[in-house]
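# Structural overview
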Amino acid sequence: MARVLCSSAVSALIVVSAPSANVSTPLACTVRKCAFPLEKRERTYVCERGHSYDIARSGYVNLLQPQDRRSREPGDSKEAVAARASLLAAGVGRTLVDAVSEKALTLALPRDPVVVDLGSGTGDAIASLGRRLSIAGIGIDLSSAAAEHAARRFPNHTWVVANADRRLPLLDASVDLMLSLHGRRNPDEAERVVRSDGKVLIAVPARDDLIELRSLVQGAGVERDRSEALIEAHQPRFEVVDRVAVRETITLDRAVLLNLLRGTYRGARLRAAGRVASVDRMAVTLASEMFVMMRSRIP
């Protein structure tokens, strides 16, 4: 049976720590048929075959190859990233981020674990856990705007532009904990890069997530169950060892609702924005299902 974790159950920050100096990030070259380890130098990452990737001034590295792009500017726009950052600053979505950190602390991770977030967005999930535990945090996102935003705010972690739907820019069996919060998932690659005793922690929207906003914008609040498809996609590689519901209802004003619309629907379409702009305040449900998975014991 699923357990419910409400915002009142999330404890305050106690530990602030940084990774040990000898912790390295297991990035791999993304040139086709290479996949050799990347060594970080002053302003570049380089593999032993000589492939080189510049580190941007803001601190992120772009490992995206031309064949991995679907557009000239892949991923979320600056506006969508800014909207999500504004929401988190206002506390919207913070309960889920903190709940993921709290759950990760119970997973008996090794010292200085390598923690990877697929679809890392603003970077808050990695940063939240990094405030509680010494980690080698790696955020992977298709959007350079998201990677730049995260790198400027959280320079102690590693931020990478890459396509999480393709081969991940990580060495085999190098990850202790893989995160995905309403983001990308890649079961095949998770099997390759997560250690035999590693964990995968995934949060997906619950049936009634944003049900009030979706009803206003779409005319009907259609409920969709994502959990069974998620479990099926990861079988037989991984099995679910814990499942937790994270749910809260909060009242938001018009400005926050518009940011929620921009951050959720990849930009507010004129008709949708007009409907939201006509509302002064609205109670909105934020609901997620959080799954902890481990390697399946089934041969």
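Okay, so let's go over this structure. (Residues numbered from 1 in each chain as written. Predicted model: local features only at pLDDT ≥ 70, side-chain atom pairs only at ≥ 80, totals over all residues. Heavy atoms only, no water.)

Another aspect to go through is the nonpolar core. Judged by nonpolar contacts, the single largest core of 34 residues is most densely connected at Leu170 and Met178. Of all the secondary-structure elements, those providing two or more residues to this core are strand 6 (114–118), strand 7 (136–141), strand 9 (175–181), helix 5 (187–193), strand 10 (194–205), helix 7 (227–234) and strand 12 (281–295). No other element matches the four residues that strand 10 contributes to this core. Excluding residues within four positions of it along the chain, Leu170 makes contact with Pro26, Leu27, Ala28, Val116, Ile138, Ile140, Val175, Arg192 and Val193. If you look at the next biggest cluster of nonpolar residues, it comprises 31 residues, including Ala125, Ile126, Ala147 and Ala203. (Core = buried A, V, L, I, M, F, W, Y, C linked by side-chain atoms within 4.5 Å. Buried < 20%, exposed > 50% of the residue type's maximum accessible area, 1.4 Å probe, protein only. Helix = DSSP H or I, 4+ residues; strand = E, 2+ residues; numbered from the N terminus. Contact = heavy atoms within 4.5 Å.)

Throughout the structure, instances matching the rule amount to zero disulfides. Looking at the unpaired Cys29, the closest cysteine sulfur is the one in Cys34, lying at 3.7 Å. For Cys34, a relative accessible area of 10% puts it in the buried group. (Disulfide = S-S within 2.5 Å.)

Interaxial distance between helix 1 (residues 78–89) and helix 4 (residues 144–153) falls to 8 Å at its minimum, and their mutual angle equals 40 degrees. Of the possible angle classes, the one that applies to helix 1 and helix 4 is oblique. Note on packing geometry: the crossing formed by helix 1 with helix 4 is right-handed. Residue-level contacts link Lys78, Val81 and Ala85 of helix 1 to Ala145, Ala146 and His149 of helix 4. (Axes fitted to C-alpha atoms, helices over the stretch in contact; angles between N-to-C directions. Parallel < 35°, antiparallel > 145°, perpendicular 65-115°, else oblique. Left-handed = near helix turned anticlockwise from the far one by under 90°.)

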